[in-house]
Every structure is written in structure tokens, then in C-alpha cells.
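A structural walkthrough
So the chains spell out like this:
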There are 2 protein chains.
Amino acid sequence: MTANTLKRQPLYAQVKQLLMQRMSGGEWQAHDALPSEWELADELGASQGTVRKALSELVDAGLLYRQQGRGTYAAPVPGDWGEASLLTPGLFFERPDELVREFLGMSRLNASEDIAEALQLRRLAPLLRIRQLWRWHGAPVALDDALLPAETFDGMDARWLRNSAGVYATLQQRFGVRVKVVCEQFRAEMLPREEAGLLGVTGMVADVPALCLLRLSADMDGRPLEWRQRYCLTHQLAYTVKHG
Amino acid sequence: MTANTLKRQPLYAQVKQLLMQRMSGGEWQAHDALPSEWELADELGASQGTVRKALSELVDAGLLYRQQGRGTYAAPVPGDWGEASLLTPGLFFERPDELVREFLGMSRLNASEDIAEALQLRRLAPLLRIRQLWRWHGAPVALDDALLPAETFDGMDARWLRNSAGVYATLQQRFGVRVKVVCEQFRAEMLPREEAGLLGVTGMVADVPALCLLRLSADMDGRPLEWRQRYCLTHQLAYTVKHG
DNA sequence: AAGTGGTCTAGACCACCTA
DNA sequence: AGGTGGTCTAGACCACTTA
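Quick summary incoming for the structure in this document. Just so it is clear, the model here is predicted, and its values are computed rather than measured.

1. Some remarks on the protein's contact with DNA strand D
Among the 24 residues in the neighbourhood of DNA strand D, the closest are listed as L11, S47, T50 and R70 of chain A together with R52 of chain B. Backbone atoms, meaning sugar plus phosphate, form 82% of the atoms of DNA strand D positioned within 4 Å of the protein. Within the side chain of Y12 of chain A, an N or O atom sits 2.8 Å from a phosphate oxygen of DNA strand D. Taking S47 of chain A, its side chain carries an N or O atom lying 2.6 Å from a phosphate oxygen of DNA strand D. Broken down by secondary-structure element, the contributors of at least two residues to the surface near DNA strand D are α1 (11–24) and α3 (48–60) of chain A together with α3 (48–60), β1 (64–67) and β2 (71–74) of chain B.

What follows is the structure in C-alpha cells.
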């Protein structure tokens, strides 16, 4: 508590910031133990209670988890589905089947007006578009476009994306950026032609309703980072979201 | 801290429970000020910090809100849409137009197997079905069925529902029960005939995709209380959920 | 037995609001 | 000036895990 208090910002918030920086720097990998609350308190010149408050907020944010009597650990990076999964309609407590991810490609485009505004970019700002397909027991069930500000993620390599657990995992590993979902929109739409092709809906069947998801994500400080658009086929599996 | 500690349950949790009971009893209406942290601490024989922790959890749960320098207040009951609203697709930061609620009726039925399991009831347990229609600028946009355990809400009166802000508001006012959403499922479906009629989708148009929402809600202790099924027309407005 | 997270206290000060 | 929420500390004890 001695010196560098910039004031205007409570001590626990400074501790939290500092820990987030050290985590971004890769100091602790998933499931690594952090120093104990007392060690951190010593090291940072704060009391155990203050360190504890900072850690608690990081636990709430999903960056850490605790085990009584054991320690505090770095949480694994969430996947591209976050708190959502595909489940049998009506059964909320089923264990979700793991979806298989397929990286389809990365391309560049310019932001539309809506997207530029949502991501707080200028009109026509360059974006990276990352396209992924999700399969369930081999059958395509969802198609993803993640749109990221190209300048923020300059140097993004398609090979990183091909061999990873998803977009969020890559952002964390390669850029030290942890992302959280800000808000989501849902609509029911007839599946557009291009998406129908990629999802393997072809032939005479023609008109299939699809769940259309729009998601806005931000970094831990609230700066918008990602606009995602996802088409889900929900005639077999329902898009399920668990709440706090 | 003197006497009635049942142990096995930390003091702040007991304080929280006690405050929840007093709120259910109607001791404070929406926007009423609670006693100050110090008064509560005195009254309950705990320290200010302990009371503060209990209050903080209730704030997180949405039952209270705080204003620095002023006090702690009872939060208004959330509406049937919770953190969700209908917005123009792609615009996340729009202010939502208020939806107009229309109570369509209350009936009784027996639980299907799925619903009985989700609500932790026996098979064929009696349920109340409360049907509501939501209009936007006069046009129907959503249709709701709320299914409640009939035995828990014995004495429910349709007149209460007609003149209220919704199902959750009625449960709070008449039964002292505060509800929170546990999880939600989304699907895209072709609008079934009966629902199409109630939503005013008629004539030759025929095949309209609808967003189908399934929601499981519980009381503050986690006991399941409500199964809700909602059909939304999303060709104009998207179902928008804001996160933590 | 030692180490860790989890709870609780008493007292102090600060920042903000109302009067 | 007085009241309220918001932060911080030092010290204590408990419950759980590991060795």
C-alpha cells in the first residue's frame, strides 16, 4: 500500500489489472497454480483481504478458479461456444456432446456500417473473417463467421487457426487477449443459399429454418473485438444457454 | 455473532437468507431504502463487513441496488423478458421499445414426462398454463406459455394476471416468490398452426420461421418453478440478450 | 503439521450525497 | 456536518487438503 497508488483507482482494481497483465503474458498456463493469497499480498504490498477481492473478481470473470485448501488456478480458455451448447430440446441437464470444429478459411473484407459502429471502427475498416464449421456425429450443425479488426490482429496466421481449439483460444495464445461475450441476438431465418451449401443442406429439401446468432464480444476492459455470425440447424439439437 | 449460528452455514449466508425472507414478506417495496449497513450489522449482531457481503450477493442476484452516499434499495421486479428484449437486428445499443402485454387466459393441464422431470415433479402432476401475447406497435410479435406447478401456486387467480406486469411480477406480489432464469434453449421452427393463428399469421403466407424459446426458471434457492415456451416472430426484431 | 482458501471482526479512512 | 456506501488493514479462527 506504500507507493505507486495512482489513486482514482482502488487498490484491489490495480491488483486485478496487474494480475490480468501477468496472465496475458503467459505467466500461468491453464490449471497452473497462482501464488497463495498471502504471498501475493506480501509481494504486492497489499493485505490478504484486498488480494482476495481482486482474485474473486477474476474468478467471477472466469479467468481463475479456486479449490478450498489447495490453491487458486488459471482457468482454461473458453471455447467459441462459451456458456452455450447444443442439447436435445427439452432436456436441460444432458451432458453436451462435443462438437468437432473444422476451419474453413480466413479472408479480408471491409466493415459495413453496422459492424463498424458496433466494433467502434471507422467505416470500411479492414476486417478479418474467420469461417468455421461445426459437426455433430459427422453432420454439419453450425457455421460460423468471426469478424475481427484486422489492424488489432495484424499478423494473424491461418495455420494458427487450423490447429487450435477455436478463435478465442487463438486470440488468447497468440495475442494474449481474453474475450468475453457482451450481448447476443437470435433470429429464426430461412437458411440462405450459400450457407445452405456449406451446411450440406442441398437438393429438393430447399426451405430449412435456421437459428441465426449475432454476437458482440469484447476484451476484459470492454473494448469491442469481435462480431460473430452463426447459423445453426436446430431441427435436432437446441441452442442451450446456461445462466449465472 | 452471539447465539443462533446454526453453523454449517456462514454468517453472511444466514444474513442473506434472513434478508430474502424479509423481502419476500413485503417489508420493502421496489425502490424502498433498506437500513444502512451499520444499522443492519447492529440489529443482526454481525459486523458491517459481513452484512456488506450479504448485501453484495443480493445486489449481484438483482434483488437490491446500491447508490453511493445514498443507500441500498429494493430492486424492482424484473419483467417476463428478464435481460432480453427485441431490437433491430445488428443494433445492440438501441433502447428497446416497450412491448405491450395481453393476458390470454389461464388453464390447467398435466405435466408431460420432460416437463415433470425438469420441474422435479411426478409424472402427470397438475400444472397451470398462463398464456400471454406480446405486441409491438400493435402487431403481435411473441406468444408465451408459462407452466407452473399447480400445487405450489394454489389459489392463483386469473384476475391477478390480467392486471399486472407479467407472470414474474404476479408471483412476487401474490406469493412472495422471486424467480430467476436457470437456462434457455433456442430453436428455429416453422410456426405451428395454432400459434400462427394467435400471432395473427394467417392466409396464404403460410410458412413463417419462428424463434422458439424454452426457459427453465427457479426460485432463489434453485428449486425449479417455471417452464416457459415462447414463440417469437423475428423477421423484424431480433431477440437480444445482454450478458453479465 | 503445515499450507491454503473461506469467514469474521473492529476500526479506520475516503468519496459521495443530502441537507 | 452527518450519513451512507466503498475500501483497506491486521489479526484471528475455521475447514479443507496434502504430506
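Okay, back to it.
2. Re the protein's contact with DNA strand C
Around DNA strand C sit 24 residues in total, of which R52 of chain A together with L11, S47, T50 and R70 of chain B are the nearest. Among the atoms of DNA strand C lying within 4 Å of the protein, the sugar-phosphate backbone contributes 82%. Between DNA strand C and T72 of chain A there is a distance of 2.9 Å, counted from a phosphate oxygen to a side-chain nitrogen or oxygen. Between a base nitrogen of DNA strand C and a side-chain N or O atom of Q68 of chain B, the distance comes to 3.2 Å. Listed by contribution, the elements that provide at least two residues to the surface near DNA strand C are α3, β1 (64–67) and β2 (71–74) of chain A together with α1 (11–24) and α3 of chain B.

3. A word on the sheet that holds strand β4 (residues 100–110) of chain A
Strands sit in the order β4(A)-β5(A)-β6(A)-β9(A)-β8(A)-β7(A)-β10(B)-β3(B) across an open sheet of 8 strands; the sheet is antiparallel. The open sheet is flanked by β4 of chain A together with β3 (84–87) of chain B, the only strands paired with a single partner. Across the sheet, the mean angle from the axis of one strand to that of its neighbour is 20°, orientation sign disregarded. Pairing of strand β7 (residues 179–190) of chain A with strand β10 (residues 238–242) of chain B, which is carried by 4 bridges, proceeds in the antiparallel orientation.

4. Notes on the sheet that holds strand β10 (residues 238–242) of chain A
Strand order in the open sheet formed by 8 strands is β3(A)-β10(A)-β7(B)-β8(B)-β9(B)-β6(B)-β5(B)-β4(B), and the pairing between neighbours is antiparallel. Edge positions in the sheet fall to β3 (84–87) of chain A together with β4 (100–110) of chain B, since each of these pairs with one other strand and no more. The average angle at which neighbouring strand axes cross in this sheet is 20°, direction not considered. Contacts from helix α6 (residues 167–175) of chain B reach β5 (126–136), β6 (139–149), β7 (179–190), β8 (209–219) and β9 (224–232) of chain B within the one sheet, and its direction differs from that of β9 of chain B by about 155°.

Basis of the calculations
Once a new chain begins, its residue numbering starts again from 1 and follows that chain's sequence as written. Here chains are named by letter from A upward and ligands by number from 1 upward, in the order in which they appear as written. Given that this is a predicted model, residues contribute local features only at a pLDDT of at least 70 and side-chain atom pairs are listed and counted only at 80 or more, while totals for whole chains, interfaces and linings are drawn from all residues. Side-chain calculation: all heavy atoms of the structure are included, whereas hydrogens and water are not. Distances are taken per atom, and a residue is near a molecule or strand as soon as one of its heavy atoms is within 4 Å of it. Definition of a polar contact: a pair of N or O atoms within 3.5 Å, with one able to donate and the other able to accept a hydrogen when the atoms are protein atoms, and with sequence-neighbouring residues admitted only if both atoms are side-chain atoms. Numbering of helices and strands runs from the N terminus, with a helix taken as a DSSP run of H or I at least four residues long and a strand as a DSSP run of E at least two residues long. Pairing between two strands requires that DSSP report at least two bridges joining them. Here the axes come from fitting lines to C-alpha atoms, over the contacting stretch only for helices, and the angles between their N-to-C directions go from 0 to 180 degrees. Here a residue-residue contact requires only that any non-hydrogen atoms of the pair lie within 4.5 Å.

Purely spatial values, then, with no claim about function.
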